[in-house]
Amino acid sequence: MRHYGLPEKYVRIFQSFFRGTRSAVRMKGELTDWFDVNSGTGQGDIQGPPVFNFCLNFATFLAETNKTISKGAVLQKGNMKVEEKVILDTDYADDMAILDNSGEGLQESTDLLAHYSSYAGLKINAKKTQCMAVSKCASQRPFIRGDCIELSVGAEVWNTTKKQMKRFEVFHQTSLRRILRIKWFYHVSNEEVLRSAGIKPVETFISAARLRWYGHVVRMPDYRIPKFLLNWKPNHGKRSRGRPRKDWKSCVLEDAATFTGVKDINNIKTEALAANRLQWRNMLRRQRDVCDAGHSND
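Residues numbered from 1 in each chain as written. Predicted model: local features only at pLDDT ≥ 70, side-chain atom pairs only at ≥ 80, totals over all residues. Heavy atoms only, no water.

**Focus on the pattern of salt bridges**
Item 1. Scanning all chains against the criterion turns up ten salt bridges.
Item 2. For K67, the salt bridge is made with D100, and the minimal N-O distance between the two is 3.6 Å. Of this pair, K67 sits in the loop between α2 (48-65) and β5 (73-76) while D100 sits in the loop between β8 (95-98) and α3 (103-117), and the two are 33 residues apart along the sequence.
Item 3. Of the residues examined, K67 reaches a relative accessible area of 11% and is grouped as buried.
Item 4. Salt-bridge contacts for K67 lead to E108; the nearest nitrogen and oxygen are separated by 3.0 Å. (Salt bridge = Lys/Arg side-chain N within 4 Å of Asp/Glu carboxyl O. Helix = DSSP H or I, 4+ residues; strand = E, 2+ residues; numbered from the N terminus. Buried < 20%, exposed > 50% of the residue type's maximum accessible area, 1.4 Å probe, protein only.)

**As for the packing of helix α6 (residues 202-218) against helix α9 (residues 267-275)**
Item 1. Look at α6 against α9: their axes get within 9 Å of each other, and the N-to-C directions meet at 80 degrees. Here α9 runs roughly perpendicular to α6, going by the angle between their axes. Two secondary-structure elements touch here, α6 through Y214, G215 and V218 and α9 through N267, T270, E271, A274 and A275.
Item 2. Along the lines of polarity and charge, the residues of the contact of α6 with α9 split into four nonpolar, three polar and one charged. (Axes fitted to C-alpha atoms, helices over the stretch in contact; angles between N-to-C directions. Parallel < 35°, antiparallel > 145°, perpendicular 65-115°, else oblique. Contact = heavy atoms within 4.5 Å. Nonpolar A, V, L, I, M, F, W, Y, C, P; charged D, E, K, R; others polar.)

**Thoughts on the packing of aromatic side chains**
Between two aromatic rings, the relevant description is the distance of the centres plus the angle of the planes.
Item 1. As enumerated under the stated definition, the model contains eight aromatic pairs in all.
Item 2. Ring geometry for F58 against F61: centres 5.9 Å apart, planes inclined by 25 degrees, an arrangement best described as stacked. Separated by three residues within a single helix, F58 and F61 lie in helix α2, roughly one turn from each other.
Item 3. Aromatic pair Y116 and Y119: ring centres 5.7 Å apart, planes at 90 degrees, arrangement edge-to-face.
Item 4. Residue classification places Y116 among the buried positions, given a relative accessible area of 15%.
Item 5. The exposure class of Y119 is exposed, given its relative accessible area of 60%.
Item 6. Grouping aromatic residues by their ring pairs yields a cluster made of W184, F185 and Y186.
Item 7. The ring of F228 carries K85 above its face, with NZ or CZ at 5.1 Å from the centroid. (Phe/Tyr/Trp six-rings, centres within 6.5 Å; stacked < 30°, edge-to-face > 60°. Lys NZ or Arg CZ within 6 Å of the ring centre and 35° of its normal.)

Don't take any of this as a statement about function, it's just geometry.
And the structure:
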């Protein structure tokens, strides 16, 4: 707390919450012996969230200060005209996403964060931790004390091809047929399965999630990292040989053309539509006439 410039008066107030704390447990109407509480905060204590944030932020600061393999994810290399832009983590409430350009750097950040968080009694739950690989091939997943972290991705940022969508729909159809007890020899078409289930193809879910996130990003202030990345053109690196890979914004344009019915829609028109939150929400909701393909707060 002193590191972040909190006045000494407030530091002493926080210390008084925990100094000399004693507790007892009620079991079958009787209290156990009283015992000292030397770590943690009580459930529902108002001082719990700020103490947690101070501890986590300071552990992240120490991890960032002591990194040697890398600084984090390099978004923009510095030169005479522009400054280097590096990001190590993004946080929301008690959730944290660690970013890096290499598996070794990500593992180093994970190790350092786990080490310095332990000073405050915080532990990383490997079962609740996931890893997203943004590359042509997934590298070694980071781990914590022998527990491998699950590899997962979010549909909002998928840049899918027709081949991938077809594989998703195959899995979707297989799951629905098992639920509805439709055997393969019944010769029921995929369209009939969807009508029986009252649901749309899985592509509708993915497209709605993508457009929902696009709308959020478009309406963000320009200084936010997601808004910076939306129109980001890297000034470093080298493109691989061959046809360029399908990017995320191309998928968004295809989704917007499907949802709006405008075939020649472009980035300018799509961004103008997304800037109007009410209009964007209504467009997504119109595509959910059969099922909740988007989100209740679209």
